[in-house]
Amino acid sequence: MSHPAEPESPRDLAAAYALGALAPEEARRFEEFLAGSPETQREVAEYRDVAALLALGGGEAAPSADLRQRVLARVAESKVQPLRPARARGRAVLWLALAASLLAVVGLALNLRAAQGELRDLRELLNDTQGRLAAREATLNAIFEPGVQMYQLTASGDPEPGIQLFYDRQRERVVIHGFRLRQVPEDRAYQLWFIRDGKPVPSVTFKPEADGHARVEQIPVPTGGDVSAAAVTIEPAAGSTTPTMPIVLVGPLKRS
């Protein structure tokens, strides 16, 4: 036994009205109802937001989480009755299904983009870490080469700061590792000097990291004389040809 169709509520026409699927006479009657129903006005605005997203074609714009939940809930519990003509009713339902699908696709695309950004950051961090480890390994290899000797450059009467100087006499190269070095002004830098035949020979300039550490590798040792000591002064950032007194750090480089 058939039952008569449940009367159609004007509020049930909100989706069709927002999507332009009502006939002119139906739209006029619905607008009369809409003027006195704030809740239906909110629903129409939400459906129009969905239609705007469809017009954007799934671009960069994304619905708010609150709007997404309300629209999907409304689509899930929709009780819209058949419209006249039936083709307009089918068109409204189809647009709502497309809108719900678009909201899901946009959300997935944004999540994928965020995940790709995090993966890129992790790769950069991994590459940076691998580079640091490779540099540290190279330093250790240079330090532990056969015949490498370590010397200390210290401040007179002060155990801090200090520099460890690793001297590879076979290759005439040194590696220096400074620790607890004080920061210097922007236009100044530490400069290493070798004392050859009693005279200072300029070498590299360097600045400590924020924690007071500094490391410089593959520093050539001057040849053509007897290198008996090394010293460090504070000079202009570009370096000097003769040292500025006083000497900050100094130590002998005698053969053991």
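Right above here is the structure, for reference.
An account of the accompanying structure is given in this report. Note that residues are indexed from 1 along each chain, following the sequence as it is written. Under the rules for a predicted model, residues below a pLDDT of 70 receive no local features and side-chain atom pairs below 80 are neither given nor counted, while totals for whole chains, interfaces and linings still include all residues. Excluded from the side-chain calculations are hydrogens and water; all other atoms, namely the structure's heavy atoms, are used.

## Quick look at the packing of aromatic side chains
Threshold: Aromatic rings from Phe, Tyr and Trp, taking only the six-membered ring of Trp, are treated as a pair when their centres fall within 6.5 Å; an angle between ring planes under 30 degrees marks them as stacked, one over 60 as edge-to-face, and anything in between as tilted. In this description a helix means any DSSP run of H or I spanning at least four residues, a strand means any run of E spanning at least two, and both kinds are numbered starting from the N terminus. Burial classes: relative accessible area under 20% of the type maximum marks a residue as buried, over 50% as exposed, and values in between as partly exposed (1.4 Å probe, protein chains only).
Evaluation of the coordinates by the stated rule reveals three aromatic pairs. Arranged with centres 6.2 Å apart and planes meeting at 50°, the rings of F30 and F33 form a pair that is tilted. Here F30 and its partner F33 are both found in helix α2 (residues 24-34), three residues apart, which amounts to about one turn of the helix. For F30, a relative accessible area of 2% corresponds to the buried category.

## Remarks on unusual backbone geometry
The bulk of non-glycine residues show a negative phi, and the bulk of peptide bonds are trans. Positive phi is not limited to glycine here, since D197 has a value of about 50°. Inspection of the secondary structure puts D197 in the loop between β4 (188-196) and β5 (199-206).

## Thoughts on the side chain of S203
Put simply, the test is: Contact criterion: two residues are considered in contact whenever any of their non-hydrogen atoms come within 4.5 Å of each other.
Structurally, S203 can be placed in strand β5. A relative accessible area of 19% means that S203 is categorised as buried. Excluding anything up to four places from it in sequence, S203 contacts Q191, L192, F194 and I219.

## Thoughts on α2
Structurally, the α-helix is built with 3.6 residues per turn, so residues lying three or four positions apart point the same way. Definition in use: Note that the arc is computed from the directions linking the helix axis to the C-beta atoms.
The complete set of buried residues in α2 reads E26, A27, F30 and L34. The arc that holds every buried residue of α2, seen down its axis, measures 95°, which confines them to one face. Of the exposed residues in α2, the ones pointing more than 90 degrees away from its buried face are P24 and E32.

## Looking at the pairing of strand β3 (residues 173-179)
Regular strands place side chains that alternate from one sheet face to the opposite one. The cut-off we apply is this: Two strands form a pair only when DSSP identifies at least two bridges running between them.
Counting buried residues in β3 gives five out of seven residues, a clear majority hidden from the surface. When β3 meets strand β6 (residues 214-220), the two strands line up antiparallel, connected through five bridges. Each residue of the ladder has a partner; that of R173, found in β6, is P220.

## Let's talk about the nonpolar core
The following threshold applies: We define the nonpolar core as a collection of buried residues of types Ala, Val, Leu, Ile, Met, Phe, Trp, Tyr and Cys that are connected through side-chain atoms lying within 4.5 Å of one another.
Membership of the largest hydrophobic core comes to 23 residues, with the highest contact counts inside it found for L165, F194 and F206. Listed by contribution, the elements that provide at least two residues to this core are β1 (148-155), β2 (158-168), β3, β4, β6 and β7 (227-236). Counting residues in each nonpolar core, the second largest holds 13 residues, with A16, L22, F30 and L34 among its members.

## What to know about the pattern of salt bridges
For side chains of opposite charge, pairing can occur when their charged atoms come near one another. Threshold: Here a salt bridge means any side-chain nitrogen of Lys or Arg lying within 4 Å of a carboxyl oxygen belonging to Asp or Glu.
Summed over the entire model, instances satisfying the criterion amount to five salt bridges. Between E25 and R29 there is a salt bridge whose closest N-O contact spans 3.6 Å. Remark: R29 and E25 occur in helix α2; sequence separation between them is four residues, near one turn of the helix. With a closest N to O distance of 3.0 Å, R171 and D168 form a salt bridge.

## Quick look at the side chain of D168
Convention followed: As used in this structure description, the phrase polar contact means that two N or O atoms lie within 3.5 Å; if the pair is within protein, one of them must be able to donate a hydrogen and the other to accept it, and residues adjacent in sequence are counted only when both atoms belong to side chains.
Inspection of the secondary structure puts D168 in strand β2. With a relative accessible area of 7%, D168 lands in the buried category. At 3.2 Å, the side chain of D168 and the backbone nitrogen of Q170 are in polar contact.

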